[in-house]
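Descriptive structure summary
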Amino acid sequence: MPSAPRNPTVVEKLRRHLISQEGVLFMIMLVSVLFLATRTDKFLTVDNLLQQGRFMTEVGLIAIPMTYIIITGGIDLSVGSILGLTAIVLGWSWQELGFPLELAIVTGIASGTLAGFVNGLFIVRVGVPPLIMTLATLALFRGLAEGISKARSARGYPEWFFELGQGEFLGIPTQLWLLIVAVLVFGIVLARTQLGRALYAIGNNETGARFSGLTVNRYLLLIYTFSGFMSGVAGYIFVSRVSTTRSDMGTGIELDVIAAVVLGGTSIFGGTGSVAGTMIGVVLIQLLKNGLALSGVTSDATIVVIGSVLIFAILVNNFIQTRRGGD
Amino acid sequence: MKKTLAISMILALLLALVSMPLSAQDRWDGADDLAVNPLACGMGDEMMDDSDEMMDDEEDMGMMEYDGGQPAMMGDDMAGMDIVLVDVPKLVGIGYFAATTLGQQQAAEELGNVSVTTDAPTEANIDDQIQVIDAYITQGVDGILFAANDPVAIAPVLRKALEAGIHVVGYDANSEPDAREWFVNQAEFNGIAKALVDSLADQMGADAAFGIVTSTFTTPNQARWIAEMWAYASECYPDLTWLETLEAQEDAVLSFQQAQTLINKYGEDMDGIFAMTSVATPNSADAVQQAGLCEDVAVVGLATPNGMKPYVNDGCVRDVILWNPVDLGYAAVYVTRAVVDGEFMPGDSSVMAGRLGELMVVNGSEVLLGPPFVFTADNINDFDF
């Protein structure tokens, strides 16, 4: 229905926000939190919520580039393996090669970035579909991590190393600050810059984007490398949090990340999505996990409930968005 | 251009991986190079003497100081009161930890003033396990029993539990010692090694020749066991002939093939196969059975009963060495109860654990479940894991 071009009133603006993907999801989250808070008084406390912030940082950080990638219609399944590879390279270069720990951290993150770059290169230059390429490197990077570590773990880090993963800054877990900054910066990059627009354009119509003169390959290479970098950073945080490196670190994290991104309203077919939505997805899943555990639901039942909530949230959102499209 | 670059980079990575030098072996293939502590010689029947001897060893070396951690004192003495424990194994949904849970429930029922719930991730994932424990600390329980997916990674959250005044006792897989009060150790490496070697020597004679199918030369547990077997056999059965160790990862097909390789290569000269993993043991037994050599080649290995029932029940394999996970879970609950009641303190040398009797303290803050358990045709059908 065509409407007159006039400035929307405050109420209309509010209504538009509320029935947006993010708005609906936010309300589902609010309802869940309130419900969980009535089940146990241990859940809605500052300490507990901050602790959950600590636990979700790695997934949150990787979910940002994953949002970018899924918006372009791609996928990166290798993020968990890159996380593991980074952790192993960090620990191995420190303990076996005798690098100073600072340099080992940089080497670790650099190897994660390189891993992402390799993904991007094959996707762009050789034209391997992202699903296939990253499925292959999911195995390859994990194998590398296992080979380098030879099933041994590096431990015994100095005290300062744990600051990022276990420490606090101004009363808030250190790594959560990092996540907040990353979300703000990369959220704005996606929503307000040329790069962001280009990603949406690629997702909506890659061929069209190419013919419009967008350097599609360069953008794709950039975001897969970015994904490797963020997985590397997440790997560093993870090692700092659990104080050891193991080659099986981050196994299965790609599914948590993709679940959060898709729950957050990013279309798996590309073209739509936002960092804000993704973050609501990340937070919702983490709070459900924790809240259910605190209300005495066992872990195996918890994953069933989370799966159901995922489906429910996506159905509700689809229903509302379809209705909204009609008005 | 960039493609070439990428390919060469990957090649370089792979090359670096392959060319990593294998560590030099100054022991039997597959053994590690850590210090060994072989037990005194003796046949498996003398189980009680065995543990006495172990205590003698312990005294010879001087009792190790208690190195566990202690919970913060929270004021209220829970001695004799009802306590709520949560059990967080590596994962749920597998027979092994179902068996430890069963043992815990048996202990809780006998004691009457303990309730235990088992809750753990459905996959053995370090981070999920940490989050489960963290949630129980927030929720507030009297004690946490755990089997760690990683000894170091789990330590911070266990220390947090101790700080919150929660008792922490491990079983099956240890954490850093100061992150828990006690660890119920199901079997020491030297105990397993002795049981394996004794079994083979008993079946095939002290001059038997054997091969080994292991996971890899660098897998920590397997390497430790082989090192201890080497040390124990050198002392107690110097006439045993060590033929060869083959790697089979933890792969069923490969294990079968490697056992076959040993059979084909050594034929008549080989009297036994040690299988070091729960995958290698049934598959080695299968290879021996298919070659029709059940009488001539004894398979002795570490494995879970379910996988070995076919071979034990039809007589192809006599002994399967492991520990009894039901007793392991049972002991963990008794130890925790004793700790809460103040009956088991740092520095004590033993603890009473219901039907298991007196269990000895080893390595400072570990409670030893006892000698390994030998599954035979007489008892293997009583177990389901």
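With that out of the way, let us pick up the overall build of chain B. From N to C terminus, chain B includes 11 helices and 14 strands. Taken across its 385 residues, chain B has 51% of its residues classed as buried. Within chain B, contacts between residues separated by at least 24 positions form 76% of all contacts whose residues are at least 6 apart in sequence.

Looking only at helices and strands, one finds 14 helices and two strands in chain A. On C-alpha atoms alone, chain A measures out to a radius of gyration of 21 Å, which is about the 20 Å that the 2.2 N^0.38 rule sets for 327 residues. Taking the principal axes of its C-alpha atoms as reference, chain A extends roughly 70 × 55 × 35 Å. A burial count over chain A gives 51% of its 327 residues as buried.

With that settled, the discussion passes to unusual backbone geometry. Across residues other than glycine, the phi torsion is negative in most instances, and most of the peptide bonds are trans. All names here are of chain A. Phi angles above zero are rare outside glycine, and Leu170 is one such case at about 55 degrees. With respect to the helices and strands, Leu170 occurs in the loop between β1 (168-169) and β2 (172-173). In this structure, Ser243 takes a positive phi of about 60 degrees despite not being glycine. Within the fold, Ser243 resides in the loop between α11 (216-242) and α12 (253-263). A residue is classified by how many C-beta atoms lie within 10 Å of it, and Ser243, with 20 of them, is buried.

Here we take up the sheet that holds strand β8 (residues 272-275) of chain B. Residue and element names in this part refer to chain B. Across the sheet, six strands lie side by side as β7-β6-β8-β9-β10-β14; this open sheet has mixed pairing. Each edge of the open sheet carries a strand with a single partner, namely β7 (241-247) and β14 (373-375). Averaged over all pairs of adjacent strands, the angle between their axes in this sheet comes to 20 degrees, without regard to strand direction. Sheet analysis places β8 next to strand β9 (residues 298-302), joined by four bridges and oriented parallel. Counterpart to Ile273 in the pairing with β9 is Val299. Helix α6 (residues 189-204) contacts β6 (209-214), β8, β9, β10 (320-322) and β14 of the sheet and is inclined by roughly 170 degrees relative to β9.

Attention shifts here to the nonpolar core. In this structure, Val184, Ala331 and Val335 of chain B are the most contacted members of the largest nonpolar core, which totals 210 residues. If one sorts the elements of this core by residue count, α11 of chain A sits on top with 17 residues. Here this core spans two domains, and each of domain 1 (83-186 + 324-370) and domain 2 (189-322) of chain B adds at least three residues to it. If near-sequence neighbours (up to four positions away) are discounted, Ala331 of chain B is found in contact with Val184, Ala353, Leu356, Leu359, Val367 and Leu369 of chain B.

The next point concerns the interface of chain B and chain A. Across the boundary between the two partners, chain B contributes 28 residues, which contact 30 residues of chain A. Listed by contribution, the elements that provide at least two residues to the side of chain B that touches chain A are α1 (2-18), α4 (126-139) and α5 (155-163) of chain B. For the side of chain B that touches chain A, the element with the most residues is α4 of chain B, which contributes eight residues. Tallied by class, residues from the side of chain B that touches chain A come to 16 nonpolar, seven polar and five charged.

Bringing the environment of Val128 of chain A into the picture now. You can see Val128 of chain A is positioned in the loop between α5 (101-126) and α6 (130-149). Filtering out sequence-adjacent residues up to four positions away, Val128 of chain A remains in contact with Phe122, Ile123 and Met133 of chain A.

Below, the discussion takes up the sheet that holds strand β3 (residues 143-146) of chain B. Backbone-to-backbone hydrogen bonds pair the strands of a sheet. The strands run either parallel or antiparallel. Residue and element names in this part refer to chain B. The eight strands are arranged β2-β1-β3-β4-β5-β13-β12-β11 in an open sheet whose pairing can be described as mixed. In the strand order of this sheet, the two ends are held by β2 (114-118) and β11 (350-352), each with one partner. If you compare each strand with its neighbour and ignore which way they point, the axes differ by 25 degrees on average. Together, β1 (83-88), β2, β3, β4 (167-171), β5 (182-185), β11, β12 (358-362) and β13 (366-368) form the strand contacts of helix α11 (residues 325-340), whose direction differs from that of β4 by roughly 155 degrees.

Before going further, it helps to spend a moment on helix α3 (residues 95-111) of chain B. Residues and elements named next belong to chain B. The terminal C-alpha atoms of α3, which comprises 17 residues, lie 24 Å apart, in line with the 24 Å expected from a rise of 1.5 Å per residue. For α3, the full list of buried residues reads Phe97, Ala99, Thr100, Thr101, Gly103, Gln104, Gln105, Ala107 and Ala108. Against the buried residues of α3 lie β1, β2, β4 and α11. Of the residues one or two after α3, Gly112 is the one with positive phi, at around 80 degrees.

Okay, the pairing of β9 of chain B next. All names here are of chain B. Among the five residues that make up β9, five are buried, leaving the element largely enclosed by the rest of the structure. In this region the chain leaves β8, passes through helix α9 (residues 280-290) and returns to the parallel neighbour β9; the handedness of that crossover is right-handed. Examined bridge by bridge, β9 and β10 share two bridges and lie parallel to one another. Counted as the bridge partner of Gly301 is Val320 from β10. Taken together, β9, helix α10 (residues 305-313) and β10 form a β-α-β motif whose crossover is right-handed.

Attention now moves to α12 of chain A. Residue and element names in this part refer to chain A. Of all 11 residues in α12, nine are buried, a share of seventy percent or more. Among the residues making up α12, those that are buried are Ile253, Glu254, Asp256, Val257, Ile258, Ala260, Val261, Val262 and Leu263. Just beyond α12, the residue with positive phi is Gly265, at close to 95 degrees.

Once that is clear, we can look at the pairing of β7 of chain B. Residues and elements named next belong to chain B. Here six bridges tie β6 to β7, and the two strands are oriented parallel to one another. Following the sheet pairing, Val213 is matched in β7 by Leu246. For the crossover from β6 across helix α7 (residues 220-236) to β7, the handedness is right-handed.

Bringing the confidence of the model for chain B into the picture now. The predicted coordinates of low-pLDDT regions are not to be read in fine detail. Residue and element names in this part refer to chain B. Per-residue pLDDT for chain B averages 84, and the proportion of residues at 70 or more is 87%. The model gives residues 19-25 a pLDDT under 50, and that stretch makes zero contacts with residues more than four places away or in other chains. Here residues 44-61 is a poorly scored stretch, pLDDT under 50, and it has 18 contacts once near neighbours within four places are set aside; other chains count. Prediction confidence for the complex, expressed as pTM and ipTM, is 0.78 and 0.79 respectively.

Time to look at the packing of α5 of chain A against α11 of chain A. Residues and elements named next belong to chain A. At a minimum axis separation of 7 Å, α5 and α11 run at an interaxial angle of 150 degrees. Judged on the interaxial angle alone, α11 and α5 are roughly antiparallel. Two packed elements cross with a definite hand, and for α5 against α11 that hand is right-handed. Residues that form the contact of α5 with α11 fall into these classes: 15 nonpolar, 13 polar and no charged.

Averaged over all residues, the pLDDT of chain A equals 88, while 96% of them reach at least 70. Mean pLDDT values for the elements of chain A range from 73 in helix α1 (residues 10-18) of chain A up to 94 in α11 of chain A.

Cut-offs used in this document
- Residues numbered from 1 in each chain as written.
- Chains lettered and ligands numbered in written order.
- Predicted model: local features only at pLDDT ≥ 70, side-chain atom pairs only at ≥ 80, totals over all residues.
- Helix = DSSP H or I, 4+ residues; strand = E, 2+ residues; numbered from the N terminus.
- Buried ≥ 20, exposed ≤ 12 C-beta atoms within 10 Å, placed from the backbone.
- Contact = placed C-beta atoms within 7 Å.
- Rg over C-alpha atoms; globule rule 2.2 N^0.38 Å.
- Pairing = 2+ DSSP bridges.
- Axes fitted to C-alpha atoms, helices over the stretch in contact; angles between N-to-C directions.
- Core = buried A, V, L, I, M, F, W, Y, C linked by C-beta atoms within 7 Å.
- Domains from an automatic or database assignment.
- Nonpolar A, V, L, I, M, F, W, Y, C, P; charged D, E, K, R; others polar.
- Expected span 1.5 Å × (residues − 1).
- Right-handed = clockwise from strand over helix to strand, strands pointing away.
- pLDDT = per-residue confidence, 0-100.
- Parallel < 35°, antiparallel > 145°, perpendicular 65-115°, else oblique.
- Left-handed = near helix turned anticlockwise from the far one by under 90°.

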